[in-house]
Structures are given as structure tokens and as C-alpha cells.
Amino acid sequence: MSNLANQLVIAERADLARGIRLLLGSPLIRAATDPDGFDLVRRRADTLASWFDHHCGWALVVEPRQGYARLAKVRSDPDASRPARRDRGSRAPFDRRRYALFCVAAAELLGGPATTVGLLADRVAQATAADPVLPGFDPALRAERMAFVDVLRALEGFGALEPVDGSTEDYTDSAGAKVLYRVDATLLVRLLAAPNGPSRLPDGDRLAGMLAEPRYGGAGATDVQRALRLRHSVLRKLFDDPVVYWADLTAEQREWATSRTGRENMRKAAEQGGFAVEERAEGVLLVDPESLATDGRFPDDGDNAKVAALHLLDSLGASRAGLTADQLREDAESVLDRSPGSARTYRYSDGPARLVADAVAVLVDFGLARRDGERIVALPAAARYTIVSGSPDSAGGNPS
Amino acid sequence: MATQRVPPDVFRFAVGAQAESYSAILRAFADAAQRWEGSLGIDDVRDRVRASGWLDALGDGDLAERLKKLAEWGLLDVVQHHAEDYRTAAEYERRNLHYALTKAGAAAWSGLRHAMASFDETGALPTAVLDAIADRLAEIAALLAEPGSADRRLCAAVHELEGHLESLRTGTAHFHAELRRLQRSDDPGEFDEVKAATVAHLQEFTTDLDQRRPAISAALAEVEAHGVADLHRRALRGADLPPTADERDWLERRAASWGTLRDWFRPADGSPPRAELLRAAARGIVGELLRELERITEARSGSSSAAADFRELARWFTTADRDEDLHRLWSAAFGLGPARHAHLAHEDPELVAPATPWTRAPRVRVSALLRSGGRVERFGSTGKVRDVAQLAALRAARARQERAELDAAWQRLATGGEVRLSSFTGLEPGVLDRLLDLLGRALASRADDAGVRRARTGDGRVEIELSDPADGRTAELRTERGTLCGPDFAVHVRLVADGAVEAGG
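Described in the following lines is the structure provided in the data block. All chains use their own residue numbering, which begins from 1 and follows the written sequence. For naming, the first written chain is A and the first written ligand is 1, with later ones following in the order written. Where totals are concerned, whole chains, interfaces and linings use all residues; where local detail is concerned, this predicted model gives features only for residues with pLDDT of at least 70, and gives and counts side-chain atom pairs only at 80 or more. Note that the side-chain values use all heavy atoms of the structure and ignore hydrogens as well as water.

1. A word on the overall build of chain A
Piece 1. Assigned secondary structure in chain A consists of 15 helices and 12 strands.
Piece 2. Categorising residues by exposure relies on relative accessible area from a 1.4 Å probe, with only protein chains included: less than 20% of the type maximum marks a residue as buried, more than 50% marks it as exposed, and the intermediate range marks it as partly exposed. Each of the 400 residues in chain A was classed as buried or not, and the buried ones make up 51%.
Piece 3. Calculation of accessible area relied on Shrake-Rupley with a 1.4 Å probe; when residues are assessed, cover is drawn exclusively from the protein chains displayed. When the accessible surface of chain A is summed, it comes to about 17,500 Å², and 51% of that surface belongs to carbon and sulfur atoms. Here a strand is any run of E in DSSP of at least two residues, a helix any run of H or I of at least four, and the numbering for each starts at the N terminus.

Structure, rendered in C-alpha cells:
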């Protein structure tokens, strides 16, 4: 009997851990694109919702019939390292134009349950023409249509827009393309996760205004509200960011995070999420061995920049004051020399310089380095991956 | 009933600029007719029109003109009144001419009233109508079964039945129209108020329909066993129609009406009865209404101004300073960014004290091939690590097997209905353990009013219902490990999946 009970508990615990990391990795899970993941989240919806609410103060909404689960992530300090991306091979981040078009299109789509690409483009053109701030949208230009298609494909990816007839891609070539869409207005509204709607904010600091959460009580917060804010703000960083450095926290957060309560909170939450906690003198990070809760892996052989980044770490780790991009060029060139076949994109004259820039971006994104003016400085957690002769290493397999 | 051609002038009074005054006049005549006042003079008409709340000044000339017009359209008859002496032509016209409602006039007025009532009516599916239909059918069947019964009573019952059927039909039509309007309505307040009542009403109606249908269907069959044609012939005798009436037409209308009744509850050709379709439609509508409400609640909870929010964001994106601000704004407004974490861990993280700086802590194991060749191995790694992997694999396999055994046990235990405890014979020890666990959970729960104890396993996948039939019988389960004795409970074990109940086994 105890065997049975154990099995049930183990199964639930495994589901919870997996569900937490799936939602962290993708805050919008749809049955259409990830049936297994959605099924798991749907089955454990209540447990997951209370976990996210308790630890991070994030709301989880599961719509069994509409087929999606949405974790409304709120960051107290949103970072720029996870932009919206074009749904193409390049996965290039959205530019100003695409972000703006995304929002205008979303606003116009709220108008009705169905539309066509042509009608939507007309409405977007009208809306931008009528707005004093927004630049006009001209469907006659191919570049504009391309941006528009990227935006529509992103909305399709979120499930807010479903092509019923035709393919969005056709619109790139011809403004006369016929594509019929079904619009999920509820989901569209749910894409907005900020606690405060932008349209109701007074002028001023937009981000702060959008993210202010009354539940924490503001200036006259009670002890309970203050404790809640500390827990949520630290755990949000811990569960969303690759590394949390004590130096980046406020004194109050740092005190909480290194206190007994804070430690226990972090450890328990991480364990429930299936993470390993790595706490060091400079900060703390979570390890997800299965890479469910992450948009990328490092170190990895995914692209040349990541490979180069690993090499750059060795030079960076050796220099306390950091190095300039020029100083790192040599390392990049040696990487290119060593793997002649695999780095064609960096074979042009400015190849090594671009490789350095891309590799540094990888390091910055993973919390292993920061830009300090011209110089690039390694951050403490970078030492996890560097080679230091004579220093201990866990597997005894650190090659030199 | 075939559509009849309506005389062209009958409804002319109800359209055009003077419609209101015409209607007021007709109404005065209709009221008078109800009180058996045969005809009205112009002064009577004026008084009554005033009394009915029509306050516009209507000069004598105008009123006479209107009355003349109505007479022209065949809605009023002009009756001469010769009883008095008149001195002037004006007085003659004023007092000699009386007017009375014609048959067409009465029909026109009742048509108008009917139409207005339909406009005002909010649709409903009256359950009482179903009861009434069942009652009348039963009454007819009883009357037919009794040879000496009065034809008049049969006739009255047939008329009543048709009246109820008509209510059901118009009620349904109104209700559909009302629901369509409700769905189109963009006033969330109205929807919200009406919705709960509508859903409850629909659910009640479908339940009632389910209960009444067998009764109605049975009564229909009983009446038909006596012969419908016979019934209608007797009803015709009972109707005692005036000699001018067309008996064939009367019988045809009864037959058509009977056909409709059959269509609703017991179609002759075996097609699904309309009541069945109505029920399915009602079910669908309930779901739709609930979804609609969900959407409205959603729209109201914070983002009735979602479109405005999106537009404002578009402006912010357009005017943001740097590219970084764009991405930060995206992250803040939409929170759709994925988390980012390391995936290389120490094999035994507990060995490192939290106060150790990263530079002095052990390194994680980075693939040697990644450093030298820019690639990650896709095969197993060193012996030491493989041991761990093997152990983990072994454990995972064992856990999988246990899960499979557990699933098999549940399948074995699912009863697919209520059975006696004594019917569980020859269980393997593992399965018996599970049964005991279930019984234990059920017995630990409180019995409901019906004496049924319910319990679920911790993961909610298996449900048991246990009741004691109190017949004193005992169950004895012999297994390899011993014998279980106890009251012979009635047991129902179900596998629950997705909240729905599957009959396992």
C-alpha cells in the first residue's frame, strides 16, 4: 500500500516539476502545438496555479476547452535579452516597426471574430493614418508587407489568429492574397500580461507604471506585503534569469535571499520545480538538467557564437579588468581556424569581429559577462565553465 | 394550414402617417364590440378614443374622414340610424351615421394586437405546455376507451391539445429569436442578467422534456391505437359546426395538426423527433451561452480597454529610445519571454559550501569535444558517469514497471457497474492490496444521505462507491495470503479520466 501511495506521490511530484519548467520555458502552452505539455498542465492546473501564485505571484490560466494555458509572467525588472522573434530561420528579433505593427494589428483584431488579411491590412492602414504618432502602414510596399506577415505569423504562433483558408505567407508576394482568419479575442487580450493597462497610465515612467502592483502596498506596505514582495521579486528573478547575483539585488532583497527563510524558500521552490540550486558567495543560479525551462543552452554546439563564447570565457576569466572586443578577436580567429568547415558565416573580412560580438551577446544573455563601456568583463558564474589549471573540478574530467 | 390571401385593404390602417389614429379608432370599436355595443356614433367614437389615452386633437372633419376611410377599407360598416329628426345636413351626418366593426375589421384589429404582442414577448419554453399536452392526450385516450363518452368533450380536448401544441411551437420560435438577439447583443450587462436565468431555464426545460417525452409518446400511441381518423370524426360531431362550415377543411386541419404533434414526439417515418432536436439545440445553446459569458467576464476583468492598451503600446514602441527599450517593453507588456537556465550541474552539489566563490568552486563538466571540436558528444561518456546513468535507468525502469502494474491493477479492479464485494475472487496479492486501499479510503469517508461512501485515490484517477445493502450477507475473499471477511458491500470502482467517467474493465 505504501508502495502505491509512493507511486502516486512520485507521479504528482514529477508532473509538477515538469509542468513548472514547461511553463517557465513557454508561458503560453497550446494544445495545438504541444498536446502532451498542455495535457500535463491541464491535469495539474490547480497545483501549478497555486505554486506560481505562491512563489512568484504569477497568475496561471488554463482553458481546457480553448486549448491553452497562459502563465502571465510579470517581471519587476524586465530585461532586453528575450525579444519577440520572427518566425523564420533567422529568428531575428522584432524591430521597432514590427513591434508597433503587432500592437496595432492586435488592437484591430479585437473588432470581430473573423477577418481577412486584406481587410485587416486596410484597418491597420486606417488606424495608423489616423494616429498622430504612428507612421502610416503602406501595404503596397513589399518591406511593409513582409513586416506585416511576420507580425501575423507571430499572432498565429500564439494562437490568437488562426488561418482558416489560405496562407499568411502569400501576402508577402501580393497584397491581393486571400487569407481568412478566425480571431480568438480572449487569448488576444490575455497576451497582455502587465498588471496595469498602458492606456490608463499617466505620462511618466512607462515601465514602472505598467508594472506597479498594488498588492505589495507601495510605500506604506505592511510587513506581510513587504515579505510577499521580497519573496516574489527574488523568486521571479531566480526562476526566469540564468544567474542571480547578490550585487544586482537591492539590500533588502539580498538580505532576504541570504537569510534562512529566503534560502529555504528558494531551495524548496527549486526542488519542486525539478531544479538544482547552485549557491555561491556571489549569487545563486538554477540548473535544469533537462533544459525544459530555457530558450537556449550554454555551453552548447548550437551555433558558432556559442562555441566561440566558451573559448572567450577562458581569456575573459583570466583578466580581472576585462578585455575589449579587439583583444578578443584573436580568440575568435583561433576558433575559426580550428573549425574550418563549420563557420562559413563568419568567413568574411569582418567575420572575427562579428563572431566576437555574437559570442559576447551569448555570454551576456547567460549572465556570464557584462559590457562595461568598451570592455567586456567576465561575471563570477563564468568560472563554472572556464579552465583553471590546478583548481578542483567536479568530474575530474576537465581537459586542458 | 395553407396561407390565405389577405384582402389588400385589411392592414392599411396600420401603416402610414395616420396609423396611430386609425388604430385608436379601431380599438374603440373593438372594446365596444366586446361589450355588445353594436354600433357607435361619431361622438361615442370621440369619447372613447379620448378615454383610451389618445389625446391628439382630432377635429370632427378629420374624425369623419377617418371613419369614412375605414369603412372604405371594409373594416367598418355604416349603419343608418333613423330614429331621430334632423334639422341640418351637418347634424344628420353627425348623428344619423353610426359605425360598426365588420368581420374584416375585427380580424384586422386582432391581427395587429397579435403582432404587437409577439414583438413584446420574450421567448420562453414553458414546461407547463408539455404537461398540458401529455394531460390532454391522456384525456383523449381515456375518452376514446370509454364508448359512451361525449363527443363534445372530445372536441374540446382536441382543440385544447392543438392550442398547447401551438404554444409549444411559437414558444420555441420566440425563444430561438430571443437567444439570437441575446447572442448579438453587445450590452454585457443585459447579457449577464439574463444569462443565468436563461441557462437555468434551458436546463430545466431539457430535463423536463426528457421526463415528459415518454409519457407523451405513450399517450400518442394509445390514441393512435384507437384510430385518429375516428377521433377526429367524433370531434367533428362534437364541434357542432354551423351548417355553413366546410367540414372537410375542418378535418384536414385537425389531421395536419396531428401530423405536427407526431413530428414533435413520435415521427411516423422514424426520423428524429423535433423534441429531440430541440433538446440537442438547447444543450448546444447552454454551452454557447456559458462560453459567451466567460468571454464577457474575461473582457470585463481588466481589459475592456484592451484595444486602447494595444494602441498605446504601439505608440510607445514607435517612440522608444533604443532597441533595448523595445525588447524591455515587450517583455514587460506581454511577459511571453521564456526563462533561461544552465543545464550543466554538479554531480553532487551538496559538497560545495554556499559561501564558496565561483572561482574556487569546482567546475562543471563541459564536453571535451565541445572545446576541441566545437561539437557535443551524442554518445555515452566516461565509465563513472555511465554507472550513474545505468542506475538511473534501472530505477526509471523499475518505476515504470510499478506504474504499469498499478495501471493493470486498476483495470482489473474497475467493475464497470455495481457489484458485490464477494464477486472479487482470485485477486493477485498486489491487486488485493489496491482493493484494500480503496476500501480503506471509502470506509474512512463519511456516508452520504443514501448511505453511499465515495472516495478517490490521491491522484484522482480511480473512484470507488461503497454502500452496505444491509442484507446481512458476508463476503469472503480467499487469496494466497489469507482470507478477507466482511460485510458484502455493493462496490462500484471506476477509472476516472479527464473528469469523465470511463467504464473500465
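Still more ground to cover, so stick around.
2. Structural notes on the interface of chain A and chain B
Interfaces are often sized by the accessible area lost when the parts come together.
Piece 1. Throughout, a contact is declared for two residues whenever any of their heavy atoms are within 4.5 Å. Taken residue by residue, the interface counts 114 residues in chain A and 85 residues in chain B.
Piece 2. Both sides together, the interface formed by chain A and chain B hides about 8,900 Å², and carbon and sulfur atoms give 59% of it.
Piece 3. Contact with chain B buries area across many residues of chain A, yet Arg-96, Arg-206 and Arg-280 of chain A alone supply 9% of it, more than any other trio.
Piece 4. Just to be clear on terms, a salt bridge is a Lys or Arg side-chain nitrogen sitting within 4 Å of an Asp or Glu carboxyl oxygen. Between chain A and chain B we count four salt bridges in total.
Piece 5. Note that Arg-315 of chain B and Asp-131 of chain A form a salt bridge whose closest N and O atoms lie 2.7 Å from each other.
Piece 6. Definition of a polar contact: a pair of N or O atoms within 3.5 Å, with one able to donate and the other able to accept a hydrogen when the atoms are protein atoms, and with sequence-neighbouring residues admitted only if both atoms are side-chain atoms. Where chain A touches chain B, the interface holds 35 residue pairs in polar contact (both at pLDDT 80 or more). Two parts placed together each lose some accessible area under a 1.4 Å probe, and adding up what both lose gives the buried area.

3. Observations regarding the nonpolar core
Piece 1. Residues Phe-102, Phe-148, Leu-155 and Leu-191 of chain A together with Phe-334 of chain B are the most contacted members of the largest nonpolar core, which totals 97 residues.
Piece 2. With 10 residues, the single largest contributor to this core is helix H4 (residues 96-109) of chain A.
Piece 3. Residues contacting Leu-155 of chain A, with those up to four places away along its chain left out, are Phe-102, Ala-105, Leu-109, Ala-160, Leu-161, Leu-188 and Leu-191 of chain A.
Piece 4. Counting residues in hydrophobic clusters, the runner-up holds 40 residues, among them Val-243, Leu-285 and Ile-376 of chain A together with Val-366 of chain B. Among buried residues, the Ala, Val, Leu, Ile, Met, Phe, Trp, Tyr and Cys ones that are joined through side-chain atoms within 4.5 Å form a nonpolar core.

4. Structural notes on the sheet that holds strand E4 (residues 114-116) of chain A
All names here are of chain A.
Piece 1. Taken together, the three strands give an open sheet; going across it, the order is E4-E6-E5, and neighbouring strands pair in antiparallel fashion. Across the chains shown, the open sheet's two edge strands, defined by having one partner strand only, are E4 and strand E5 (161-165). Put simply, the sheet's adjacent strands are angled 35° from each other on average, direction ignored.
Piece 2. Sheet topology places E5 next to strand E6 (residues 180-183); four bridges connect them, and they run antiparallel. Looking at the pairing, Asp-165 lines up with Leu-180 of E6.
Piece 3. Lying on the sheet, helix H5 (residues 117-130) is in contact with E4 and E6; it crosses E4 at an angle near 85°. By the convention used here, strands pair only if DSSP detects at least 2 bridges between them. The angle between two axes is taken between their N-to-C directions and runs from 0 to 180 degrees, where each axis is a line fitted to C-alpha atoms and a helix contributes only its stretch in contact.

5. Focus: the sheet that holds strand E2 (residues 76-80) of chain B
Residues and elements named next belong to chain B.
Piece 1. Judged by pairing direction, the sheet is antiparallel, and its three strands sit side by side in the order E1-E3-E2 without closing on themselves. Taken across any chain shown, the strands that pair with only one partner, and hence form the sheet edges, are strand E1 (40-41) and E2.
Piece 2. Both E1 and strand E3 (residues 97-101) contribute to a ladder of two bridges, which runs antiparallel. Bridge pairing in E3 places Leu-40 opposite Tyr-99.
Piece 3. This element, helix H1 (residues 19-34), spans E1, E2 and E3 of the sheet and lies at about 80° to E3.

6. A few points about the environment of Ala-361 of chain A
All names here are of chain A.
Piece 1. Along the chain, Ala-361 turns up in helix H15 (residues 351-365).
Piece 2. Residue class for Ala-361 comes out partly exposed when judged on its relative accessible area of 27%.
Piece 3. In this structure the C-alpha to C-alpha distance between Ala-361 and Lys-306, which are 55 residues apart in sequence, comes to 9.4 Å.

7. Brief notes about helix H2 (residues 35-43) of chain A
Piece 1. Within H2 of chain A the residues assigned to the buried category are Gly-37, Phe-38, Leu-40 and Val-41 of chain A. In a view along the axis of H2 of chain A, the buried residues occupy a sector of 160°, so they form one face of it. Throughout, the arc means that of the directions going from the helix axis to the C-beta atoms.

8. Structural notes on the environment of Gly-74 of chain B
Residues and elements named next belong to chain B.
Piece 1. Assignment of secondary structure puts Gly-74 in the loop between helix H3 (60-72) and E2.
Piece 2. Counting along the chain gives 29 residues from Gly-74 to Lys-103, while the straight-line C-alpha distance between them is 8.8 Å.
Piece 3. Dropping the residues within four chain positions of it, Gly-74 is found in contact with Thr-102, Ala-104 and Gly-105.

9. Quick word on the packing of H4 of chain A against helix H13 (residues 323-334) of chain B
Piece 1. Where H4 of chain A meets H13 of chain B, the axes come as close as 10 Å, and the angle between the chain directions of the two elements is 30°. Comparing their axes, H13 of chain B and H4 of chain A come out roughly parallel. Relative to H13 of chain B, the crossing made by H4 of chain A is left-handed. Contacts from Arg-96, Tyr-99, Phe-102 and Cys-103 of chain A in H4 of chain A reach Asp-323, Leu-326, His-327, Trp-330 and Phe-334 of chain B in H13 of chain B.
Piece 2. Gly counts as polar in this scheme, as do all residues outside two lists: the nonpolar Ala, Val, Leu, Ile, Met, Phe, Trp, Tyr, Cys and Pro, and the charged Asp, Glu, Lys and Arg. By residue class, the composition of the contact of H4 of chain A with H13 of chain B is six nonpolar, one polar and two charged. Angle categories are assigned with fixed cut-offs, so that under 35 degrees is roughly parallel, over 145 is roughly antiparallel, 65 to 115 is roughly perpendicular, and the rest are oblique. Handedness of a crossing follows from how the near helix is turned relative to the far one, being left-handed for an anticlockwise turn of less than a right angle and right-handed for a clockwise one.

10. A short note on the packing of aromatic side chains
Piece 1. Only centres within 6.5 Å qualify two rings of Phe, Tyr or Trp (six-membered ring in Trp) as a pair; their planes then separate them into stacked at under 30 degrees, edge-to-face at over 60, and tilted for everything else. Within the structure shown, the criterion is met by 20 aromatic pairs over all chains.
Piece 2. Measuring from centroid to centroid gives 6.3 Å for Phe-102 of chain A and Phe-158 of chain A, while their planes differ by 90°, and the two rings are edge-to-face. Here Phe-102 of chain A is found in helix H4, whereas its partner Phe-158 of chain A is found in helix H6 (residues 142-158), with 56 residues between them in sequence. For the pair Phe-102 of chain A and Phe-158 of chain A, a shared accessibility class is recorded, and that class is buried.
Piece 3. Note that Arg-66 of chain B overlies the ring of Tyr-22 of chain B, its terminal NZ or CZ placed 6.0 Å from the centroid.
Piece 4. In this structure, Arg-254 of chain B is placed above the aromatic ring of Trp-250 of chain B, and the distance from its NZ or CZ to the ring centre is 4.5 Å. Should the NZ of a Lys or the CZ of an Arg lie within 6 Å of a ring centre and within 35 degrees of the ring normal, that charge is described as sitting over the ring.

11. Considering the pairing of strand E5 (residues 452-456) of chain B
Residue and element names in this part refer to chain B.
Piece 1. Judged from the five bridges that link them, E5 and strand E6 (residues 462-467) form a sheet pairing that is antiparallel. If you follow Val-452 over to E6, its bridge partner there is Ser-467.
Piece 2. If you look at the hairpin formed by E5 and E6, you'll find five residues sitting between the two strands, and Gly-460 has a positive phi there, around 75°.

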